[in-house]
Amino acid sequence: MSGGGRIAVVGGGVAGAVLALRLRERRDGPEVELFTGPDAGRADASAASGGMVRAFETDPEASRLAAESLAELRGDARLRERARFREHAAVYVARPGTDLAASLAVVEEVLPGAAELTDAGRIAREYGLHGLTAGAPGVVERRAGHLSPDALRTAALEDLAKLGGAVRAGPVARVGDGPSVKLADGSARGFDAVVVAAGAWTERLLAASGLPGGGFRTRQIQYTLCRAARDALPSFVDEESGLYGRPDGPGRLLLGLPTVRWDVDPDATVPDRVLAARVVEDAARFLGTPVAPERTVASFDCFLDPPGLELRPVAGGVFTFTGGSGGAAKTVLAAARAAVRALTG
Ligand SMILES: Cc1cc2nc3c(=O)[nH]c(=O)nc-3n(C[C@H](O)[C@H](O)[C@H](O)COP(=O)(O)OP(=O)(O)OC[C@H]3O[C@@H](n4cnc5c(N)ncnc54)[C@H](O)[C@@H]3O)c2cc1C
């Protein structure tokens, strides 16, 4: 589809909101209607997200999107403020023997000097971390950070409305390969393209619409907000143990381990208390200091193998824009631009 036209975006999480805004921002771009979902998006992945952003990802293509997104944030003070961006370092420790060269080359091309290849020993010494696997390769970024996907979504929805995009509350009951959107009251609307950006609800909506599935699965993601006497920590990922975390203000940390709860119902996700207790124990050893849990946040995301937030065709003018697999806060700004290029030619 090139120029003009009408596009519906189904889902008002950060993916749908940023995509809809990017479409509307385009000169001679399409008319855009965004359908935000049953509860205006408040109990979704974007509302719960930890929002860690950095340029490096182990997959080079994901690295490109993450680095481009971080470059956009770095270059736009207003965007940083509205997305509540907080800058801090980020470290990533991969499994021993992993070759990080291709991803680091991409980061160097997009954001020169942003990421440095190092090893677990240096990271452990510099940041006072314990139990990292000796000899494991690592990456340090001095200027990564975290943002609030919820705030970014809100800002995008505001800007979309200002640019004349329509934001409609309430769930879409079905999408059709007309392409069309059918609402709960039975009314149907035709569009030139319909993009389903319904995150963990996407596969369910495709099935309810009688459309081919995209192979998406849901998976629980949870973290625990804790107090610990450790300031000046970077955000971190240790692939071997699975432990990840980030600073959350003075004396506070967000800490998590991957869950094995697949195919969870996004409307009925409850915390895994055993896992939350393990996070506290593992983190205390890792940080070398007591960790006091305050609150566990349990949510979910839409996963795909291979992962990545990307525009994918379904049938007859219907697309999906989801599959962030626990990482779309990092890539959404650039991924939405790529999706707009693919949609509008
Ligand atoms: C706990 C947690 C921590 C995370 N931490 C990080 C991190 O540190 N770094 C990182 O990069 N990523 C992180 N992520 C991942 C990232 O936040 C997600 O990939 C991203 O928020 C997904 O956005 P989304 O818009 O695709 O989905 P969602 O935010 O879930 O939005 C989907 C929207 O679709 C709407 N919807 C559903 N059905 C319908 C319907 N029928 N009609 C209309 N609307 C509908 C829903 O109401 C919802 O608002 C984390 C995710 C979670 C859950």
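Residues numbered from 1 in each chain as written. Predicted model: local features only at pLDDT ≥ 70, side-chain atom pairs only at ≥ 80, totals over all residues. Heavy atoms only, no water.

### What about the packing of helix 3 (residues 60-74) against helix 5 (residues 101-110)?
Inclusion rule: An axis is simply a line fitted to the C-alpha atoms; with a helix, the fit covers only the stretch in contact. Between two such axes, the angle follows the N-to-C directions and lies from 0 to 180 degrees. Secondary structure elements follow DSSP: runs of H or I of four or more residues count as helices, runs of E of two or more count as strands, with numbering from the N terminus. Here is the rule for angles: anything less than 35 degrees is roughly parallel, anything more than 145 is roughly antiparallel, 65 through 115 is roughly perpendicular, and the remaining ranges are oblique. Whether a crossing is left-handed or right-handed is set by the direction in which the near helix is turned from the far one by less than a right angle, anticlockwise for left-handed and clockwise for right-handed. By definition, residues are in contact when any of their heavy atoms lie within 4.5 Å. Side-chain classes follow a simple rule in which Ala, Val, Leu, Ile, Met, Phe, Trp, Tyr, Cys and Pro form the nonpolar group, Asp, Glu, Lys and Arg form the charged group, and the remainder, Gly included, forms the polar group.
The interhelical angle for the contact between helix 3 and helix 5, taken along N-to-C directions, is 25°, at an axis separation of 8 Å. Comparing their axes, helix 5 and helix 3 come out roughly parallel. Regarding helix 3 and helix 5, the two cross each other, and that crossing is right-handed. Residues Pro60, Ser63, Arg64, Ala67 and Glu68 of helix 3 form the contact with helix 5, whose own contacting residues are Ala102, Ser103, Val106, Val107, Glu109 and Val110. Residues that form the contact of helix 3 with helix 5 fall into these classes: six nonpolar, two polar and three charged.

### Let's talk about the sheet that holds strand 9 (residues 180-183)
What counts here: One requirement defines pairing of two strands: DSSP has to find at least two bridges between them.
As summarised here, the arrangement of the three strands in space is 8-9-10, forming an open sheet in which the pairing is antiparallel. Edge positions in the open sheet fall to strand 8 (172-176) and strand 10 (188-190), since each of these has one partner strand only. Pairs of neighbouring strands in the sheet enclose a mean axial angle of 20°, with direction left out of account. Alignment of strand 8 against strand 9, held across four bridges, turns out to be antiparallel. If you follow arginine 174 over to strand 9, its bridge partner there is lysine 182.

### What to know about the site of the ligand
We apply this condition: Put simply, a residue is near a molecule or strand once any heavy atom of it comes within 4 Å of that molecule or strand. Definition of a polar contact: a pair of N or O atoms within 3.5 Å, with one able to donate and the other able to accept a hydrogen when the atoms are protein atoms, and with sequence-neighbouring residues admitted only if both atoms are side-chain atoms. Per-residue accessibility takes into account occlusion by the displayed protein chains alone, with areas from the Shrake-Rupley method and a 1.4 Å probe.
Lining the immediate environment of the ligand, one finds 36 residues, of which Asp44, Ser46, Ser49, Met52 and Asp301 sit closest. Here a nitrogen atom of the ligand and a backbone polar atom of glycine 37 are 3.3 Å apart. A distance of 3.0 Å is found between an oxygen atom of the ligand and a backbone nitrogen or oxygen belonging to glycine 327. Notes on the ligand: free accessible area 1,000 Å², of which the protein chains cover 96%. When residues of the shell around the ligand are traced back to their parent elements, those giving at least two are helix 1 (14-25), helix 2 (45-48), strand 12 (217-227), strand 16 (292-303) and helix 10 (328-344). Counted by class, the shell around the ligand contains 19 nonpolar, 14 polar and three charged residues.

Read these as spatial facts, not as claims about activity.
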